[in-house]
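Spelled out from the first residue to the last, the chains are:
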Amino acid sequence: SYWYHGDFDKSMPDLNYGPAGTCENNATFKAMVGAAKFWVDKGVDGFRLDAVKHIYSNQVSNENPTFLKKFYDSVNAYFQGKSTLGFKDVYMVGECWLGTDDMAKYYTGLPSLFDFTAWENRLLYAIQNSHAKWFPKDMIAERNVFANYRKDFIQATKLSNHDEVRARTALGGGSLSMSLERSKMAAAVLLTSCGSPFIYYGEEIGMMGDKTKPGGDRNVREPMMWAPKAKDTFRPTWITSNVNTDIGIGNVEEQSKKVTSIYNVYRKFLRLRNTYPALAYGEIRLPEGFDDSSSENKQVMVFHRVYGGEHLLVVH
């Protein structure tokens, strides 16, 4: 009989790339680069790399960042001149579920990493506790750590994802209306703060889901609701949603007609972000005279976004 190592499940055996320092010579490495090249030839301009801290077993050694740099450089060299949209470099974002200091080291391998800490330990806490004042300071501190490893890092900010309790459920508040208002605030902060934001499907219409309840991950992966169920041709029929319904949550078609819906909050702030370069590319700065030691006005968040000659003041 034969045995193999599988970190997650028996259906997902780990791949053996050999020592990280010479992995580029390994047949498995070459096959994975070949798979990426296949998709580049199909017109793909970027990749999301899952569970990058699990390629090699030691999550905090330099093995995984070393592998990722070799993989990125190999694919990027092939990508040059092939983008149908004119991008210079291939985009790769890594899912690296680690704290700031350990995750930052992975920027030596990839240009972009999902920032779990910014959601779980920063924004979620700030909104749940009306403790908003220090969020910009914490984000600036994170970015200073990232810059130690890569000057042109791309901080992939987010709220929840497919492995977490959905943002609206996590934000809570004791009622559907309160959780909705908190979710609108989370969206507004996400889309005006620093970073390159990702939106997990369904958050823009306020979908809910708790993976800690019976059903697990399925609770946070229920079908997107595009239109009323009777005419929603995109909604699968082989799964029944237990949490998200047209009556309780609403759908894209209906919410698009309601000015105050969370869907239109997302649209408004996305439009702002695409209008003002300072919101998309700008530096984040604390206001002059920021008093770190005082809890006065702790429920108010104030910061500047600055890019070129554009200077915006943001208040939440």
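Coordinates for the structure precede this section.
Residues numbered from 1 in each chain as written. Predicted model: local features only at pLDDT ≥ 70, side-chain atom pairs only at ≥ 80, totals over all residues. Heavy atoms only, no water.

1. A look at the pairing of strand S1 (residues 46-49)
Along S1, the buried face is formed by Phe-47 and Leu-49; none of Gly-46 and Arg-48, which line the opposite face, is buried. Pairing geometry for S1 and strand S2 (residues 91-94), over 4 bridges, is parallel. Along S2, the bridge assignment pairs Arg-48 with Val-93. (Buried < 20%, exposed > 50% of the residue type's maximum accessible area, 1.4 Å probe, protein only. Helix = DSSP H or I, 4+ residues; strand = E, 2+ residues; numbered from the N terminus. Pairing = 2+ DSSP bridges.)

2. Points about the packing of helix H4 (residues 116-128) against helix H5 (residues 135-147)
Axis separation between H4 and H5 bottoms out at 10 Å; the angle between their running directions is 155 degrees. Comparing the axis directions of H4 and H5 gives the class roughly antiparallel. Of the two elements, H4 crosses H5, and the hand of that crossing is right-handed. Contacts between H4 and H5 involve Thr-117, Ala-118, Arg-122 and Leu-123 from the former and Phe-135, Asp-138, Met-139 and Glu-142 from the latter. (Axes fitted to C-alpha atoms, helices over the stretch in contact; angles between N-to-C directions. Parallel < 35°, antiparallel > 145°, perpendicular 65-115°, else oblique. Left-handed = near helix turned anticlockwise from the far one by under 90°. Contact = heavy atoms within 4.5 Å.)

3. Re the packing of aromatic side chains
The full count for this structure, using the stated rule, is 13 aromatic pairs. Both rings, one in Tyr-56 and one in Phe-67, keep their centres 6.3 Å apart while their planes meet at 65 degrees; by these two values the pair is edge-to-face. Taken together, the residues Tyr-56 in the loop between S1 and helix H2 (63-79) and Phe-67 in helix H2 connect sequence positions 11 residues apart. According to the relative accessible area criterion, Tyr-56 is buried, its value standing at 10%. (Phe/Tyr/Trp six-rings, centres within 6.5 Å; stacked < 30°, edge-to-face > 60°.)

4. Examining the pattern of salt bridges
Applying the stated rule across the entire model yields 20 salt bridges. Note that Lys-105 and Asp-102 form a salt bridge whose closest N and O atoms lie 3.8 Å from each other. One salt bridge in this structure joins Glu-253 and Lys-231, with 2.8 Å as the shortest N-O distance. You can see Glu-253 sitting in helix H8 (residues 252-256) and its partner Lys-231 sitting in the loop between helix H7 (176-192) and H8, a full 22 residues away along the chain. Taken together, the shared-partner salt bridges in this structure form one network comprising Asp-163, Lys-211, Asp-217 and Arg-221. (Salt bridge = Lys/Arg side-chain N within 4 Å of Asp/Glu carboxyl O.)

From the geometry alone we can't say anything about function, so treat these as descriptive.
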